[in-house]
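A look at the structure
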Amino acid sequence: MADGRWSPGRKEADEFRPVLDIVEPGHQRRLTVLLRLLLLIPQFIVLFFLHIAAFFTVIAGWFAALVLGRLPDPVFRFLAGFLGYDMRVSASQMLLVDRYPPFALTPPPDYPVQTEVRPTALNRLAVLFRIFLMIPAAIVQSLAVYGWWALAFVWWVITLVLGRMPRPLFEATAATLRYRMRFSAYTMMLTPAYPKGLFGDDGLAAVPQGHPRSATRPLVMSSAGKWLVVLFLVLGLLGNVTTSVTTATSDPDDTTRLSGTP
């Protein structure tokens, strides 16, 4: 997959997947935890405009990838920078780090959240049908993210009281964010590798030479962390089912009011 071609005979270990590096969880200032969402409002505004720019860039990149079999370098650089920016803001929003995200597509080397994607050839057929291929991963990441936010207030209170995020919660939150990052990278054609690793990595996973080990490279999860991910998925599923049922039961009433019949 790293060369952009479907190769069933290749070992999975040879396939490069986008990397999300986060430092080992430590103490967080309770004041910044308390005011986290308010402090990030300027970042949300910047992200809003970056999302608009990324949307049109992805469309242009899709046509270019169909012709060239890869993303043009300027397109790749911008989308990779946008992905990293989004992940740094999201990591702060989800209480994984305490340091404020920089207003830059390229972060300083010592920032505790780093992403890595590598330009590579893309399979034109996979690019053509990307919107259909990504549906299963879209469902998984949607359920996991929804489930995390369903109990976001609980995670916020725990971190606020302890002054840090407990290790199992850090593992589950980092796994959720990393899966969303890999899904976004696949959607934006930054990688041909399908999103995987929601339940962490094999404990024997190698750290690439020249890259120091971080808390998420490899992401080796405890049983408690994995169970929290299961909880996120279950809550996400229940939330979506509840929303669908509520919408379905309310539609007949809306139709009755519009038609004026009892």
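Overview of the structure.

**Details of the environment of Trp149**
The residue Trp149 is located in helix α7 (residues 135-150) in this model. On the basis of relative accessibility, which here comes to 34%, the residue Trp149 falls in the partly exposed class. Along the backbone, Trp149 and Met94 are 55 residues apart, and their C-alpha atoms lie at a distance of 8.8 Å. In this structure, Trp149 is in contact with Gln93 and Met94, ignoring residues within four places of it in sequence.

**What about the packing of aromatic side chains?**
What describes a pair of aromatic rings is the distance from one ring centre to the other and the angle between the planes of the rings. Applying the stated criterion to the full structure yields 8 aromatic pairs. When the centroid spacing of 5.6 Å and the interplanar angle of 35° are considered together, the rings of Phe153 and Trp156 count as tilted. Of this pair, Phe153 and Trp156 are both found in helix α8 (residues 152-162), 3 residues apart, which corresponds to roughly one turn of the helix. When its relative accessible area of 59% is taken as the criterion, Phe153 is described as exposed. We classify Trp156 as partly exposed; its relative accessible area is 24%. Arranged with centres 5.1 Å apart and planes meeting at 75°, the rings of Tyr186 and Tyr194 form a pair that is edge-to-face. The ring of Phe16 is capped by Arg118, whose NZ or CZ atom sits 3.8 Å from the centre of that ring. In this structure, Arg130 is placed above the aromatic ring of Tyr186, and the distance from its NZ or CZ to the ring centre is 4.0 Å.

**Some remarks on the pairing of strand β1 (residues 19-22)**
Along any regular strand the residues' side chains alternate between the sheet's two faces. Covered by surrounding structure in β1 are Val19 and Asp21 together with Leu20 and Ile22, the residues of both alternating faces. Summarising the sheet, β1 and strand β2 (residues 113-116) pair through 4 bridges and their orientation is antiparallel. By the bridge assignment for β2, Leu20 is matched with Thr115.

**Regarding the nonpolar core**
Formed by 56 residues in total, the largest nonpolar core has its most connected members in Ile22, Leu71, Leu79, Leu83, Leu96 and Leu190. Here this core takes 11 residues from helix α9 (residues 167-187), the largest share from any one element. Leu83 has contacts with Val117, Met181, Ser184, Ala185, Met188 and Leu190, leaving out every residue within four places of it along the chain.

**Describing the pattern of salt bridges**
Under the definition given, this model contains 10 salt bridges. Across the pair Arg29 and Asp98 runs a salt bridge whose closest N-O atoms are separated by 2.8 Å. Taken as a pair, Arg29 in the loop between β1 and α1 (30-34) and Asp98 in the loop between α4 (73-93) and β2 lie far apart in primary sequence, 69 residues in all. Using a relative accessible area of 48% as the deciding quantity, one classes Arg29 as partly exposed. Arg178 is the partner of Asp201 in a salt bridge, and the nearest nitrogen-oxygen pair spans 2.8 Å. You can see Asp201 sitting in the loop between α9 and α10 (223-259) and its partner Arg178 sitting in helix α9, a full 23 residues away along the chain.

The rules behind each value
- Throughout this description, residue numbers start from 1 for each chain and increase along the sequence as written.
- Whole-chain, interface and lining totals are the exception, using all residues; otherwise, since this is a predicted model, local features are given only for residues with pLDDT of at least 70 and side-chain atom pairs are given and counted only at 80 or more.
- Heavy atoms throughout the structure, all of them, feed into the side-chain values; hydrogens and water do not.
- Note on conventions: DSSP H or I runs of at least 4 residues are helices, E runs of at least 2 residues are strands, and numbering of each starts at the N terminus.
- Each residue is assigned to one of three classes by its accessible area relative to the maximum for its type, calculated with a 1.4 Å probe on protein chains only: buried under 20%, partly exposed between the two thresholds, exposed over 50%.
- Two residues qualify as a contact provided that any one of their heavy atoms is within 4.5 Å of a heavy atom in the partner residue.
- Stacked, edge-to-face and tilted are the three classes for Phe, Tyr and Trp ring pairs, Trp counted by its six-membered ring, which pair at centre distances within 6.5 Å; planes under 30 degrees apart are stacked, over 60 edge-to-face, the rest tilted.
- The rule for a charge over a ring is simple: NZ of Lys or CZ of Arg within 6 Å of the ring centre, and within 35 degrees of the ring normal.
- Any two strands with at least two DSSP bridges between them are considered paired.
- By nonpolar core is meant a set of buried Ala, Val, Leu, Ile, Met, Phe, Trp, Tyr and Cys residues that side-chain atoms within 4.5 Å join together.
- Salt bridges are counted wherever a side-chain nitrogen of Lys or Arg sits within 4 Å of a carboxyl oxygen of Asp or Glu.

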